[in-house]
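This is what each chain is made of:
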Amino acid sequence: MISFKSFVNAIHSAIINASDSLMDKNVGLLDKYFDEVTRENKDAETGETTSKTILDPKTVILEYPSINADGTEVMNEVHVPLITLVPLQMSQVEKAVVSADFEMDIVDGAIELNFVKRSSLGFMKKPKKNMAKLEITITPQDTSEGLKLLVEGYESILKRQIS
């Protein structure tokens, strides 16, 4: 027997862990499209050097045709942040449904659950098993405003390079 409260807490924890796992995957976009770089800065007044770690966008360099002032076509190098080339798709747990067969008793004022074992009927008896069903619905998540602004900023820089 397990207490109803423990059962609900266990299911809730499992769903939270699944959701956290998806969020970690979403945050992994930073690792996919940015490199960590350590930059050193020298303070002009004190002469002290400090370093900080920043995220630098991963880019590809493409040759892009344009027309110069005299009307001839020239190829220019365009630095394209990878994050501007792909649709960003994030996911979230939208809904989780759990159904299980159990008996319920009240023991010392608390609800206790006893998961009933089912057996098969027929010629060949199969081992008894607890029956449960779990449905989890994972859906696309709206992109955060911060990420939208970041991507739009890189897209703006890209547009200025090819205009």
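Residues numbered from 1 in each chain as written. Predicted model: local features only at pLDDT ≥ 70, side-chain atom pairs only at ≥ 80, totals over all residues. Heavy atoms only, no water.

Draft legend 1. Structural context of the overall build of the protein. Broken down by element type, the protein carries 2 helices and 11 strands. Taken from N to C terminus, the helices and strands of the protein fall in the order β-α-β-β-β-β-β-β-β-β-β-β-α. Every one of the 163 residues in the protein was classed for burial, and the buried ones make up 14%. Partitioning the intrachain contacts of the protein with sequence separation of at least 6 by distance along the chain shows that 52% fall at a separation of at least 24. Carbon and sulfur atoms provide 54% of the accessible area of the protein, an area that totals close to 12,700 Å². (Helix = DSSP H or I, 4+ residues; strand = E, 2+ residues; numbered from the N terminus. Buried < 20%, exposed > 50% of the residue type's maximum accessible area, 1.4 Å probe, protein only. Contact = heavy atoms within 4.5 Å. Areas by Shrake-Rupley, 256 points an atom, 1.4 Å probe, with all protein chains shown as cover.)

Draft legend 2. Fine view of the pairing of strand β7 (residues 102-107). Relative to strand β8 (residues 110-115), β7 runs antiparallel, the two being bridged by 6 bridges. Considered in β8, the bridge of E103 is made with N114. Between β7 and β8, which pair antiparallel in sequence order, lie 2 residues; one of them, D108, sits at a positive phi of approximately 50 degrees. (Pairing = 2+ DSSP bridges.)

Draft legend 3. The arrangement of the nonpolar core in detail. Counting 9 residues, the largest nonpolar core is built from L29, Y33, F34, I83, L88, M90, L147, V151 and Y154. Contributing elements (two or more residues each) for this core: α1 (4-33) and α2 (145-162). Here the element with the most residues in this core is α2; it accounts for 3 residues. With sequence-adjacent residues up to four places away left out, Y33 is seen in contact with D56, P57, K58, L82, I83, V86 and L88. (Core = buried A, V, L, I, M, F, W, Y, C linked by side-chain atoms within 4.5 Å.)

Draft legend 4. Molecular detail of the sheet that holds β7. The strand order β1-β8-β7 describes an open sheet built from 3 strands, whose pairing is antiparallel. In the strand order of this sheet, the two ends are held by β1 (2-3) and β7, each with one partner.

Draft legend 5. A look at unusual backbone geometry. Despite not being glycine, D108 shows a phi value in the positive range, around 50 degrees. Relative to the assigned elements, D108 resides in the loop between β7 and β8.

Draft legend 6. Spatial organisation of the pairing of β8. As judged from the 2 bridges shared by β1 and β8, these two strands associate in the antiparallel manner. Opposite S3, over in β8, you have E112 as the bridge partner.

Draft legend 7. How the structure looks around the side chain of S3. As for its position among the elements, S3 is in strand β1. Once residues lying within four places of it in the same chain are set aside, the contact partners of S3 are I111 and E112.

Draft legend 8. Structural view of the pattern of salt bridges. By the definition in use, this model includes 2 salt bridges. D35 is the partner of K58 in a salt bridge, and the nearest nitrogen-oxygen pair spans 3.8 Å. Taken together, the residues span a long stretch of sequence, with K58 in the loop between β3 (49-57) and β4 (59-67) and D35 in strand β2 (residues 34-42) at a distance of 23 residues. K58 sits in the partly exposed class, given a relative accessible area of 25%. In this structure D35 comes out as partly exposed when scored by relative accessible area, which is 39%. Its salt-bridge partner being K148, residue E145 comes within 3.5 Å of it at the nearest N-O pair. Here K148 and E145 lie together in helix α2, a separation of 3 residues that amounts to about one turn. Overall, K148 belongs to the partly exposed group, its relative accessible area being 36%. (Salt bridge = Lys/Arg side-chain N within 4 Å of Asp/Glu carboxyl O.)

Draft legend 9. Just the environment of Y33, in detail. Along the chain, the position of Y33 falls in helix α1. Residue classification places Y33 among the buried positions, given a relative accessible area of 9%. Distance from Y33 to L55, taken between C-alpha atoms, is 9.3 Å for residues 22 residues apart in sequence.

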